[in-house]
Amino acid sequence: MVRREGAPGGVRVETNHQLTGSGTSGAADDDSPWTGGPGLVRSLWRYRLVIVAAVVTCAVLGFAASLALPAQYEAQADLYLRDPGSPAVLTLKDFNHSGTGDHTLFMATQASLAGSDTVFGRALQILGRGGAASDLRSTVTVAPSTDLASVTIHASSDDPVEAAALANAVGTAYVQVSGERLAAATDAAIRHLQDVIAPRNVELDSLKARAARASGTEQAALERQALYVADMIGALQANQNDVAAQAALYGSGVETFQQASPPTTSSQPAPALLALLGGLFGLVLAGGWAWWAAGRDRRVEAEEDAGAILGVPLLGETPQLGAELRGTGGPRTPPGELDPVAAEAYHFVLASLEHALSRVGGKVVAVASAGQGDGKTVTVLNLARAARREGRTVRLVDADERTRRLSRLWGDGGEHSEVIDLGHAGEEAPAVALVGTVSQNGSGEQDGPSERNGHHPAVFVRSNAFSELISPSDEPADIVLIDTPALLDVSETVAIADRADAVLLVVNRGTSLSDLRRARERLAFTDTPLVGYLLNRGLSKRPYADVGGRGPRTHLWRWAAGRGEDAV
């Protein structure tokens, strides 16, 4: 429990930080930047512009690299082979086609032959080129086609004519080598048969001679034996003829040689493919960086993010107010009337704020934020308007001496320093009084702080004149709202908070959690309790008054409800 004397208006205020945290004293968050960090999708969305730029850049680099690389052309030649077990070959003998063996194994064997050093060496001879056969392996590949209908020869070169010549040379070399191998095998088979037939002829001649000298049953037996040998010789000779005929019909084993033509387009580099690969590389690289960066720079994205850091309750969310309140220099001009969604949101915040003030026993609220552009000034202005609509008197204090944005915003909106409004009883009462931290004395000179008169703004903030300015005894107000400078930008914000009864922190959706931690640390130097925070740029919701179509539907409400945009 902290007791402070000399609070604005001479009020003794008892504060207790534990009252503002709903049973939570201190921040409940884990200060590790990676704990509870955003997921991959949220990280990608947060840095979407960087990711798009990285993807486009890498895609352009990939496309440029494809143009810088030398072009490569690929030619293809196809060898359609005769299956040695096919009916077209075996019509000379009544063999069953099912007994010819495995076609897959046959095609693999022939592809191995076409890609052998023997064939590659012959191809070099055909091309009239020197070198080793292994030199062609980097540019020529041979493999069975996917449907096993042919042996495919792929040859690549930086010259389309040379690529076609390589493929055709390998195909021609295979035809020659395969034909030579078959001819050699046929000659070997015929010689083997001749070697078998020769002794049988000698045996047949011997049997015939013996039968001619014999008589009776011995002669008959020798003649039968001679006839058997003669039949065997005839079978071997027929087999020899069949081998020769089949070899002549089979030839080199190539039924059709489809030669390659010079390609008209290069096969690589493919500009579209390299651009796509470059874009994918950029996406992976930028996505990994985005996930890492989002983990290192966590921001307020959900309602509970700021509460975990600050250890105080959420008093409400404020929705989108429209583009007229945006700008690099802060809000420019306020809208004449808020739409029902925005107005009700500020009434919610006001109700929560008044409840929190009743617990600390005060009415002066310092509205602060971690940095500029968090919507603090607009929050002060619209909380005052919400209080006016509820018949309360409000005192506004523009304590942001460096920008005086609240003063300009109020004046641009057509408001006056003193606003007279009719109360519920029909009596005129001051509704809103806008007072800056700079006032003028009777001589027209400034009494308040200004860098121009050589004094830091904190000098006036710590004076009794500032206390009287906040809550003058002759002009009591139901609630006093102080628009303070950003906590992390100037030093006098803590001094201003010391003069208030409570602090309301405006947190913008997207604020860095590290900035919130620093703001929490700055507020620890004041005894004024942080009673809660307001989440700015919350999601718009359909107002209760509009249920069933009975309530007002402004153009801004329809825009917010249709798009669900965040507030500013």
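Residues numbered from 1 in each chain as written. Predicted model: local features only at pLDDT ≥ 70, side-chain atom pairs only at ≥ 80, totals over all residues. Heavy atoms only, no water.

### Observations concerning the overall build of the protein chain
Now for step 1: Helix and strand counts for the protein chain come out as 17 helices and 14 strands.
Now for step 2: When contacts within the protein chain are restricted to residue pairs at least 6 apart in sequence, long-range pairs at least 24 apart make up 79% of them.
Now for step 3: Roughly 28,700 Å² of accessible area belongs to the protein chain as shown, and the carbon and sulfur atoms make up 55% of that amount. (Helix = DSSP H or I, 4+ residues; strand = E, 2+ residues; numbered from the N terminus. Contact = heavy atoms within 4.5 Å. Areas by Shrake-Rupley, 256 points an atom, 1.4 Å probe, with all protein chains shown as cover.)

### Topic: the sheet that holds strand β6 (residues 254-258)
Now for step 1: Taken in spatial order, the four strands make up an open sheet running β4-β5-β3-β6, and their pairing is antiparallel. In this open sheet, the two edge strands, each paired with only one partner strand, are β4 (140-144) and β6. Sheet twist, expressed as the mean angle between neighbouring strand axes with direction ignored, is 20°.
Now for step 2: Both strand β3 (residues 73-81) and β6 contribute to a ladder of four bridges, which runs antiparallel. Residue pairing across strands places D78 opposite Q258, the latter belonging to β6. (Pairing = 2+ DSSP bridges. Axes fitted to C-alpha atoms, helices over the stretch in contact; angles between N-to-C directions.)

### Here's the deal with the pairing of strand β13 (residues 502-508)
Now for step 1: Burial runs high along β13: seven of the seven residues are buried.
Now for step 2: Neither face of β13 is exposed, since A502, L504, V506 and N508 on one face and V503, L505 and V507 on the opposite face are all buried.
Now for step 3: As paired elements, strand β8 (residues 364-369) and β13 share five bridges and run parallel to each other. Opposite S369, over in β13, you have V506 as the bridge partner. (Buried < 20%, exposed > 50% of the residue type's maximum accessible area, 1.4 Å probe, protein only.)

### So, the packing of aromatic side chains
Now for step 1: Considering all chains together, one arrives at one aromatic pair under this definition.
Now for step 2: Considering the side-chain rings of Y47 and W289, the 5.0 Å spacing of their centres and the 65° angle between planes classify their relative orientation as edge-to-face. Of this pair, Y47 sits in the loop between α2 (40-46) and α3 (48-68) while W289 sits in helix α8 (residues 271-296), placing them 242 residues apart in sequence.
Now for step 3: If you follow R48 out to its NZ or CZ, it ends over the ring of W45, 4.0 Å from the centre. (Phe/Tyr/Trp six-rings, centres within 6.5 Å; stacked < 30°, edge-to-face > 60°. Lys NZ or Arg CZ within 6 Å of the ring centre and 35° of its normal.)

### Let's talk about the packing of helix α9 (residues 303-310) against helix α16 (residues 513-523)
Now for step 1: The interhelical angle for the contact between α9 and α16, taken along N-to-C directions, is 35°, at an axis separation of 9 Å. Between α9 and α16 lies a crossing whose hand is right-handed. Here D305, A306, I309 and L310 of α9 lie close against α16, whose contacting residues are L513, L516, R517 and R520.
Now for step 2: Tallied by class, the residues present in the contact of α9 with α16 amount to five nonpolar, no polar and three charged. (Left-handed = near helix turned anticlockwise from the far one by under 90°. Nonpolar A, V, L, I, M, F, W, Y, C, P; charged D, E, K, R; others polar.)

### Focus: the confidence of the model for the protein chain
Now for step 1: Considering every residue of the protein chain, the mean pLDDT works out to 75; 73% of them sit at 70 or more.
Now for step 2: Across the protein chain, β4 holds the top mean pLDDT of 93, while strand β10 (residues 418-422) sits lowest at 33.
Now for step 3: Here residues 322-335 scores under 50 on pLDDT; set against residues more than four positions off or in separate chains, the count is 30 contacts.
Now for step 4: Within the model, the stretch residues 433-453 combines pLDDT values under 50 with 53 contacts to residues more than four positions away or in other chains. (pLDDT = per-residue confidence, 0-100.)

### Things to note about α9
Now for step 1: When α9 is considered as a whole, its buried residues turn out to be D305, A306, G307, I309 and L310.
Now for step 2: In the core, the buried residues of α9 are packed alongside β13, α16 and β14 (530-536).
Now for step 3: Of the residues flanking the end of α9, it is G311, one or two places downstream, whose phi is positive at about 70°.

### Focus: the nonpolar core
Now for step 1: Ranked by size, the top nonpolar core spans 36 residues in total, and within it L310, F466, I482, L505, V507, L516 and Y533 carry the most contacts.
Now for step 2: Discounting residues that sit within four places of it in the chain, L516 has contacts with V300, A306, I309, L310, L505, V507 and T511.
Now for step 3: Counting 31 residues, the second-largest nonpolar core is a separate cluster that includes F120, A123, V151 and A164. (Core = buried A, V, L, I, M, F, W, Y, C linked by side-chain atoms within 4.5 Å.)

### Looking at the pattern of salt bridges
Now for step 1: As enumerated under the stated definition, the model contains nine salt bridges in all.
Now for step 2: In this structure, R392 and E390 form a salt bridge, with 2.5 Å as the shortest nitrogen-oxygen distance.
Now for step 3: Taking relative accessible area as the criterion, R392 reaches 25% and is therefore assigned partly exposed.
Now for step 4: What emerges from the salt-bridge pattern is a single network uniting E354, E390 and R392. (Salt bridge = Lys/Arg side-chain N within 4 Å of Asp/Glu carboxyl O.)

### A closer look at the side chain of D400
Now for step 1: Inspection of the secondary structure assignment puts D400 in the loop between β9 (394-398) and α12 (405-412).
Now for step 2: No salt bridge is formed by the buried D400, whose closest oppositely charged neighbour, K376, lies at an N-O distance of 4.2 Å.
Now for step 3: Within the local environment of D400, its side chain forms a polar contact with the side chain of T403, the two groups lying 2.9 Å apart. (Lys, Arg positive; Asp, Glu negative; His and termini not counted. Polar contact = N/O pair within 3.5 Å; in protein donor to acceptor, adjacent residues only side chain to side chain.)

### Let's talk about a nonpolar patch on the surface
Now for step 1: There is a patch of nonpolar side chains on the surface, built from L40, V50, W289, W291 and W292 and spanning about 530 Å² of accessible area.
Now for step 2: Tracing the backbone shows L40 in helix α2. (Patch = residues over 30% accessible without salt bridge, like charges linked within 9 Å, V, L, I, M, F, W, Y side chains within 5 Å.)

### What about helix α11 (residues 376-389)?
Now for step 1: Helix length check: α11, at 14 residues, gives a terminal C-alpha distance of 20 Å against a target of 20 Å (1.5 Å per residue), a fit within 8%.
Now for step 2: With 12 of its 14 residues buried, α11 lies for the most part within the structure. (Expected span 1.5 Å × (residues − 1).)

### What about the environment of F348?
Now for step 1: Of note, F348 is situated in helix α10 (residues 340-360).
Now for step 2: The exposure class of F348 is exposed, given its relative accessible area of 55%.
Now for step 3: A C-alpha to C-alpha distance of 6.3 Å links F348 and G316, two positions 32 residues apart in sequence.

### Some thoughts on the environment of L357
Now for step 1: Relative to the elements of secondary structure, L357 occurs in helix α10.
Now for step 2: In this structure, the C-alpha to C-alpha distance between L357 and A502, residues 145 residues apart in sequence, is 7.0 Å.

### Re the packing of α3 against α8
Now for step 1: Here α3 crosses α8 at 150°, and the two axes come no closer than 7 Å. As summarised for this structure, α3 and α8 are arranged roughly antiparallel, according to the angle between their axes. Judged by the twist between their axes, the crossing of α3 over α8 is right-handed. Only P271, L274, A275, G278, G279, F281, G282, L283, A286, W289 and A290 of α8 make contact with α3, whose side of the interface consists of V50, I51, A54, V55, C58, A59, G62, F63 and S66.
Now for step 2: Along the lines of polarity and charge, the residues of the contact of α3 with α8 split into 15 nonpolar, five polar and no charged. (Parallel < 35°, antiparallel > 145°, perpendicular 65-115°, else oblique.)

### What to know about the environment of R520
Now for step 1: Within the secondary structure layout, R520 lies in helix α16.
Now for step 2: Residue classification places R520 among the partly exposed positions, given a relative accessible area of 22%.
Now for step 3: The spacing of R520 and L530 is 10 residues in sequence and 9.1 Å in space, taken between C-alpha atoms.

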